[in-house]
Amino acid sequence: MKKRALLIIIPLTLAAGVLQAQNRQQVNNLATFARVWGFLKFYHPAVANDTANWDKQWLNSLLTIKKIENNEEFKSFITRWYSQLPKQKVDYSLSQPSGDSVFHVFDEGDIKTFAIPAQMKQEFTDLYLHHRPDSNRYVDNRYGKYTLDYVYFKEEEYTNPDYPDEAHRLLALVRYWNIINYFYPFKQGFAPNWNKVLADFIPQFINAADKDEYRSVFLKLTARIKDSHSFFKQEEFYAHRLQNAPFLLYYIDGKYIVANDQYGELMNKQGIKQGDEIISINNKNIKACEDYIKQYCTGSNNAVLHREIGRNLFRMDTANSIQLTVRRNGKLITQQLKLYSYGELYQYRLKHQPKLWEDMGNGIFYVRFCKITDGKQLKQMYDSIQNAKTVIWEMRDYPYFPTTQIYRPGIFGNQRSEEINYNTDLFYPGTYRAHTDHDAAPTDTLNLPRYKGRLIVLVNEYTQSLAESVAAALKSRPNTIVIGRQTAGATGNMFFTDYPGGIGAAYTAVKVVGSDGSFKQGQGVKLDKEIKLSVKKMQSVADYELEQAYQQALKDLK
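No experiment lies behind these values; they were computed from the predicted model shown. (Residues numbered from 1 in each chain as written. Predicted model: local features only at pLDDT ≥ 70, side-chain atom pairs only at ≥ 80, totals over all residues. Heavy atoms only, no water.)

1. Description of the overall build of the protein
Within the protein, the regular secondary structure consists of 21 helices and 23 strands. Scaling as 2.2 N^0.38, a compact globule of 558 residues should have a C-alpha radius of gyration of about 24 Å, and the protein matches this with 26 Å. Along the longest, intermediate and shortest principal axes, the C-alpha atoms of the protein span 80 × 60 × 35 Å. Counting over 558 residues, the protein shows a buried share of 56%. Within the protein, counting contacts between residues at least 6 apart in sequence, those at least 24 apart form 74% of the total. (Helix = DSSP H or I, 4+ residues; strand = E, 2+ residues; numbered from the N terminus. Rg over C-alpha atoms; globule rule 2.2 N^0.38 Å. Buried < 20%, exposed > 50% of the residue type's maximum accessible area, 1.4 Å probe, protein only. Contact = heavy atoms within 4.5 Å.)

Here you go:
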């Protein structure tokens, strides 16, 4: 089998002498310039109004900066460079928003850490505190006639070439770093040591020798924020390199264990069984695979981190099969495992649709809510569960968005939902304001019959984003409990931004706090009962988590 290195686990050829052509002084100078460049991009009126082409300012300054050999020379350079901009204007009658409903991910304390002359720090602080709010050429929250609850970035994409020159590679780094620095609402808790990231990655972006190393370094950069919405995309990457095993992996007691999913026929065909422990892939010990892949994976909590590692364990190369060794009942079994593209697995799912709801007996129904894709199905489901004593509501999947917009009357009636959203202030980058979102009373366009009985919401680490929002909303319903495993811990709108080389990267752009603590970033949806797994439990029944939900329903009926 011919193997080609996959993007997400390409070895970075950066040894102990990673700086190579860059000494520590040069890296520090570039890092400082990146921070100053980013601050002025979002706060200086001449830059915001595009009077100065800010990408060119970055691109044209790099060669000079790399030649500077000491602090005094650098301070002289940055003072001259800054003085060429139009004089900033501030209004001391204006100030940054403050109060209990406001928090900042960037403030004047951050400016104090800039390695620039004291006079510049003072002028930056004045500009930050007392600038005149105005539109910015690079950020917006208007899309046609709609006002978004997050900002998006209007940047030059530089799609080609796919391996940009050094200056544009560094432009990609500083764009991403500054976006997270000013527009990531969880920076304090979920972007640890963010100021250190520039110094860590400048040499890596410079030394990336080809398009694969460049993409690999950028992917590694996205893993520095602990966010289950920290996604990476690149057209070639997705077209050729995302092969998948026909099952999920659960991380249990430090081991990666095969879990039954919706591809049972494919698992059986290849002799894979639920409860199998992954021992090695292509003769590489699973611990070595995990340790290597881990630097390219992230998540809002450890459950998701290991979920993502598990997904990527099978992407060792671009071939469509791997050699897999598993432990089953104490014995080692080695075989060839066929992998599948997303398209192949999607076609399989279309041909093997499960029941959308079913009677499990004893007055207990099971609803696969995430599989319901139209109003007719939804109405039929509510009709079917009217006499149920308990409904187990499956949320270990991602729901169909249009369904989430129309399902509420059948489960909530006229009950309105409430959550607190923290949205970025377009005119004060780094500042977030609280907004209590009260949903309007649901409009029942389908005349849905209402289910008023017991509800058990089943979740785990595959419950993410919109699925978490639905689960958290259901938790607020009377006579409802949430059981399962920790969810992904990331909801609220996310946003992709473009970077040189055809790369896109995303992050959670809105902070969401569920009513009564039903959701919190990182922690996920608050559980009423946790389900603990073991290999023995998983081997005892086709779906142990569902079985536990069923047993809970029986217990509640007594």
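From this point, the narrative continues.
2. Examining the sheet that holds strand β23 (residues 529–530)
Reading across the sheet, the six strands line up as β11-β12-β13-β16-β17-β23 and stay open at both edges, with mixed pairing between neighbours. Only two strands of the sheet have a single neighbouring strand rather than two, namely β11 (357–361) and β23. Note that strand β17 (residues 480–484) and β23 share two bridges and pair parallel. Note that in β23 the partner of isoleucine 483 across the bridge is lysine 529. In this fold helix α21 (residues 544–557) packs onto β11, β12 (364–367), β13 (390–394), β16 (454–459), β17 and β23, with an angle of close to 160° to the strand it touches most, β16. (Pairing = 2+ DSSP bridges. Axes fitted to C-alpha atoms, helices over the stretch in contact; angles between N-to-C directions.)

3. Some points on the pairing of strand β3 (residues 146–153)
Sheet topology note: the strand β2 (residues 139–143)/β3 ladder contains four bridges and is antiparallel. Opposite arginine 142, over in β3, you have threonine 147 as the bridge partner. Two successive antiparallel strands, β2 and β3, enclose a turn made up of two residues, where glycine 144 displays a positive phi of approximately 65°.

4. What to know about the packing of aromatic side chains
Any pair of aromatic rings gets described here by the distance separating the centres and the angle formed by the planes. Within the structure shown, the criterion is met by 46 aromatic pairs. Arranged with centres 5.3 Å apart and planes meeting at 80°, the rings of tyrosine 82 and phenylalanine 124 form a pair that is edge-to-face. Pair noted here: tyrosine 82 is in helix α4 (residues 71–83) and phenylalanine 124 is in helix α6 (residues 118–130), with a separation of 42 residues, a long-range link. Across the pair, exposure class does not vary: tyrosine 82 and phenylalanine 124 are buried alike. On the numbers, 6.0 Å between centres and 65° between planes, the contact of phenylalanine 205 with phenylalanine 218 is edge-to-face. With phenylalanine 205 in helix α9 (residues 194–207) and phenylalanine 218 in helix α10 (residues 211–222), this pair connects stretches of sequence that are 13 residues apart. Across this residue pair, the class does not change: phenylalanine 205 and phenylalanine 218 are buried. Lying across the ring of tyrosine 462, arginine 307 places its NZ or CZ 5.8 Å from the centre. Directly above the aromatic system of phenylalanine 412 lies the positively charged group of arginine 408, at a separation of 4.1 Å from the ring centroid. (Phe/Tyr/Trp six-rings, centres within 6.5 Å; stacked < 30°, edge-to-face > 60°. Lys NZ or Arg CZ within 6 Å of the ring centre and 35° of its normal.)

5. Digging into the sheet that holds strand β18 (residues 494–499)
Here three strands make up an open sheet; going across it, the order is β4-β19-β18 and the pairing antiparallel. Where the open sheet ends on each side, the last strands, each with one partner, are β4 (232–234) and β18. With direction set aside, neighbouring strand axes in the sheet form an average angle of 25°. Pairing of β18 with strand β19 (residues 503–508) involves six bridges; the strand directions are antiparallel. Paired with aspartate 498 across the bridge in β19 is glycine 504.

6. Some thoughts on the nonpolar core
Of all hydrophobic cores here, the largest spans 86 residues; its most connected members are Phe39, Leu40, Phe124 and Phe218. If you tally residues by element for this core, the top one is helix α7 (residues 166–183), at 12 residues. Core analysis: the second largest hydrophobic core is formed by 32 residues, Leu378, Val459, Val470 and Ala471 among them. (Core = buried A, V, L, I, M, F, W, Y, C linked by side-chain atoms within 4.5 Å.)

7. A look at the pattern of salt bridges
Taken as a whole, this structure holds 28 salt bridges when the rule is applied. Among the ionic pairs, glutamate 123 bridges to lysine 87, the shortest N-O distance being 3.8 Å. Of this pair, glutamate 123 sits in helix α6 while lysine 87 sits in the loop between α4 and β1 (102–104); the two residues are 36 residues apart in sequence, bridging distant segments of the chain. The residue glutamate 155 makes a salt bridge to arginine 175 at a minimum N-O spacing of 3.5 Å. In this pair, glutamate 155 is assigned in the loop between β3 and α7 and arginine 175 in helix α7, connecting sequence segments 20 residues apart. Taken together, the salt bridges that share partners define one network made up of Glu394, Arg396, Glu461, Arg485, Asp543 and Glu545. (Salt bridge = Lys/Arg side-chain N within 4 Å of Asp/Glu carboxyl O.)

8. Examining the layout of surface pockets
By volume, the second largest pocket amounts to about 1000 Å³. Forming the boundary of the second largest pocket are 36 residues, of which Gln405, Glu419, Asp437, Leu466 and Ser469 lie nearest the centre. (1 Å grid on protein atoms, 1.4 Å probe; cavity = no way out; pocket = protein on both sides within 12 Å on 5 of 7 lines; lining within 4 Å. Points joined across faces, edges and corners; volume = space filled by probe spheres on them.)

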